[in-house]
Amino acid sequence: MQTRNVIAGLVLGTAVAAGLALALRNAGEPAAPVAATILPAGNELPEFTLLDQDGAPADRSVFEGRWDVVFFGFTNCPDICPATMTLLGQAKRELEARGSDPLPRVVLVSVDPERDTPEAMARYVAYFGDGNLGLTGELEELRKLTDALGIFFQKAETGDGAYAVDHSTAVLVIDPQARLKALFTAPHEVANFVHDLPLIMAGE
Amino acid sequence: MRRLLVLFALVAAAAGCDSPEGPPVVADNVVVTAPGAGMPMAAGYLEITNQSGSDIRITRVSSPDYATVEMHETIVEDGIARMRSIPVLEIADGETITFERGGRHLMLMQPAGTPGTITLNFYSDDVLLLTVSAEFTATMD
């Protein structure tokens, strides 16, 4: 019986020691993003002038002073755009529930400025949560932003004169100095945003 | 995403005879989402199972609640989403085709009003294959 107790004690002691060692090792390792690609230096956004959902001019400074998660889409996109905006809204609400500070703003930049008026953008972005920003405007100004960020978009006929817009699916993270700081590539998941965004925003 | 109740799924005997085990074409897990009031379009998702005993072709979809319904597919390649029309959807006997987020979907354009129920009619040329009605969802969640 005594021998059995000694063995049991040794096993327990070894397990506790191993657990402590693992905990200490993990404590020394900085948490790493699980999905995002981080640009340590950050890429400065170019100068541009678009319109926000109220029709007011919005230039580079609209991204200054806060963190933004930015998706490029269009309001006539029935599938992947509302799906992505929904995920971003869910992620933001979950971060808020966890007490995360700061909280990023969700931004939709239209790649279909021909149809996406500020009024259309206002209805659209408001649907996915409070405080969202929608940007639209002249195609030439939009190109300044998308070209600098490596965002692709192109009209594609779908028949009977209708069209969709092919576009990049990445979600970009813009820091308070209006620099591209990180990006998420599709497929997007709420859990990835919730895990990585606080790390990105803490690494400023 | 909120799953919606399929109120009924009726089938015209177009592609084959009625099976004693059930209707020849069956819809399941029907979801209709809309991006909000005032927006011009909604999206529909569902599963269609062909148990008619022969292959079928869906050539068009219509709805009394929307001016136009098109079958589309989102294809994501190299980080770019491309949406393309599906002119004809072929479903082999015994096969289930899924319309889902980020893939095949129904694009419902120009609503006739704000109905509480959406009816979708699936045709093979002029023959009605399947009618599905589902509650209209008000949210994306």
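Structure first, text after, so check above.
Since we're looking at a predicted model, the values are computed, not measured.

A. Quick peek at the interface of chain A and chain B. Opposite the 23 residues of chain A that make contact, chain B presents 23 residues. For the side of chain A that touches chain B, the secondary structure elements donating two or more residues are α2 (80–97), α3 (118–127), β7 (153–159) and β8 (162–168) of chain A. Among the residues forming the side of chain A that touches chain B, the class breakdown is 11 nonpolar, nine polar and three charged. Both β8(A) and strand β7 (residues 80–85) of chain B contribute to a ladder of two bridges, which runs antiparallel. When the sheet's bridge partners are listed, Ser168(A) is paired in β7(B) with Ile80(B).

B. Highlighting the nonpolar core. Val70(A), Leu88(A), Val171(A), Leu172(A), Ile174(A) and Leu183(A) are the most contacted members of the largest nonpolar core, which totals 56 residues. Considering each element in turn, this core owes the most residues, eight residues, to α2(A). Apart from the residues within four sequence positions on either side, Leu183(A) is in contact with Ala36(A), Thr37(A), Ala170(A), Val171(A), Leu172(A) and Val173(A). With 29 residues, the next largest nonpolar core counts Tyr45(B), Ile56(B), Met107(B) and Leu120(B) among its residues.

C. Molecular detail of unusual backbone geometry. Residues and elements named next belong to chain A. Put simply, Asp101 and Pro102 share a cis peptide bond, and its omega is 5°. Among the secondary structure elements, Pro102 is positioned in the loop between α2 and β5 (105–110). Residue Ala186 is joined to Pro187 through a cis peptide bond whose omega torsion reads 5°. Within the fold, Pro187 resides in the loop between β10 (179–184) and α5 (190–202). One non-glycine residue, Ala178, lies in the positive phi region at around 60°. Mapped onto the elements, Ala178 comes out in the loop between β9 (171–174) and β10. Classification of Ala178 as buried rests on a count of 20 C-beta atoms within 10 Å.

D. A look at the pairing of strand β10 (residues 104–111) of chain B. Residue and element names in this part refer to chain B. Pairing of strand β3 (residues 41–50) with β10 involves four bridges; the strand directions are antiparallel. Looking at β10, one finds that Ala42 is bridged to Leu108. Relative to β10, strand β6 (residues 66–77) is paired through seven bridges, and the arrangement is antiparallel. Residue pairing across strands places Glu70 opposite Met107, the latter belonging to β10.

Thresholds, definitions, all that
- Residues numbered from 1 in each chain as written.
- Chains lettered and ligands numbered in written order.
- Predicted model: local features only at pLDDT ≥ 70, side-chain atom pairs only at ≥ 80, totals over all residues.
- Contact = placed C-beta atoms within 7 Å.
- Helix = DSSP H or I, 4+ residues; strand = E, 2+ residues; numbered from the N terminus.
- Nonpolar A, V, L, I, M, F, W, Y, C, P; charged D, E, K, R; others polar.
- Pairing = 2+ DSSP bridges.
- Core = buried A, V, L, I, M, F, W, Y, C linked by C-beta atoms within 7 Å.
- Buried ≥ 20, exposed ≤ 12 C-beta atoms within 10 Å, placed from the backbone.

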